[in-house]
Amino acid sequence: EPEVTQTPSHQVTQMGQEVILRCVPISNHLYFYWYRQILGQKVEFLVSFYNNEISEKSEIFDDQFSVERPDGSNFTLKIRSTKLEDSAMYFCASSEDLQQQQFFGPGTRLTVL
Amino acid sequence: SQQGEEDPQALSIQEGENATMNCSYKTSINNLQWYRQNSGRGLVHLILIRSNEREKHSGRLRVTLDTSKKSSSLLITASRAADTASYFCATVDSGGYQKVTFGTGTKLQVIP
């Protein structure tokens, strides 16, 4: 069964450093998403991406964040200058169309020291 | 109250018993979904119910949706120790690009 994959599973970085979280969505999906979950809190929407552009973003998704689909398979989330409060689990998701469920990846745990 | 509030926040039952979790939401939705998350792990999609559906079954899971009350329930029958996890309801608003808004979750503990 096709699945969304994410790398790395765990990323440790120093405050102020840039990180890139990678996702490979399911191959025939057209809609892509990033969510995050701070430890002990609920999952929060960050951004949705369709047709090579951001279609919706939350207040959390400020200028420090960017997303890109650099090729036909990868979907990345970049945090330019990490802060301590960026420590969280980051989930990528994809869906075939707007009416179908989103399939979530296993997540990348980001720890900012 | 926030979109997607689950009730109760925590539930502890004996193996074999049924577990019922409730969710309330505030907006007009396209669909409502339930997810499971084992501690610190990924999200497992359980079931999706559309706004024009009232009940859906999947194995030991039964989900109901009452759009007039803006509420949903998840019933797990004949619970097992392996069902121990956090359960989240998540809504997709009608219109827009289908972002999923998650609730705060119910922590279910099934005691063997």
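Right above here is the structure, for reference.
Described in the following lines is the structure provided in the data block.

Rules used throughout
- Residues numbered from 1 in each chain as written.
- Chains lettered and ligands numbered in written order.
- Predicted model: local features only at pLDDT ≥ 70, side-chain atom pairs only at ≥ 80, totals over all residues.
- Heavy atoms only, no water.
- Helix = DSSP H or I, 4+ residues; strand = E, 2+ residues; numbered from the N terminus.
- Rg over C-alpha atoms; globule rule 2.2 N^0.38 Å.
- Buried < 20%, exposed > 50% of the residue type's maximum accessible area, 1.4 Å probe, protein only.
- Contact = heavy atoms within 4.5 Å.
- Areas by Shrake-Rupley, 256 points an atom, 1.4 Å probe, with all protein chains shown as cover.
- Lys, Arg positive; Asp, Glu negative; His and termini not counted.
- Charge placed at Lys NZ, Arg CZ, Asp CG, Glu CD.
- Salt bridge = Lys/Arg side-chain N within 4 Å of Asp/Glu carboxyl O.
- Buried area = accessible area lost by both parts, 1.4 Å probe.
- Nonpolar A, V, L, I, M, F, W, Y, C, P; charged D, E, K, R; others polar.

Topic: the overall build of chain A
- In terms of helices and strands, chain A carries 0 helices and 11 strands.
- Listing the helices and strands of chain A from first to last along the sequence gives β-β-β-β-β-β-β-β-β-β-β.
- Relative to the 2.2 N^0.38 estimate, which gives 13 Å for 113 residues, the radius of gyration of chain A is 13 Å and therefore close to what a compact globule would have.
- Dimensions of chain A along its principal axes, counting C-alpha atoms only, are 40 × 25 × 25 Å.
- When the 113 residues of chain A are sorted by exposure, 44% land in the buried category.
- Put simply, 54% of the contacts in chain A that link residues at least 6 apart link residues at least 24 apart.
- When the accessible surface of chain A is summed, it comes to about 5700 Å², and 46% of that surface belongs to carbon and sulfur atoms.
- Averaging the coordinates of the 9 positive side-chain charges in chain A and doing the same for the 15 negative ones gives two points 6 Å apart.

What to know about unusual backbone geometry
- Residue Pro8(A) is bonded to the preceding Thr7(A) through a cis peptide linkage, with omega at -10 degrees.
- The residue Pro8(A) is located in the loop between strand 1 (5–7) and strand 2 (10–13) in this model.
- Here the amide bond leading from Asp7(B) into Pro8(B) is cis, since omega sits at 0 degrees, within 30 degrees of zero.
- Tracing the backbone shows Pro8(B) in the loop between strand 1 (5–7) and strand 2 (10–14).

Observations regarding the pattern of salt bridges
- Tallied over the full model, the rule gives 4 salt bridges over all chains.
- The salt bridge partner of Arg36(A) is Glu44(A), with a shortest N-O separation of 3.3 Å.
- Using a relative accessible area of 23% as the deciding quantity, one classes Glu44(A) as partly exposed.
- Where Lys56(B) meets Glu53(B), a salt bridge forms, and the shortest distance between an N and an O atom there is 3.9 Å.

Quick word on the interface of chain A and chain B
- Tallying the contact residues gives 21 residues for chain A and 22 residues for chain B.
- Where chain A abuts chain B, roughly 1800 Å² becomes buried across the two surfaces, and 53% of that area is made up of carbon and sulfur atoms.
- Where chain A meets chain B, there are 0 salt bridges.
- By residue class, the composition of the side of chain A that touches chain B is 11 nonpolar, 7 polar and 3 charged.

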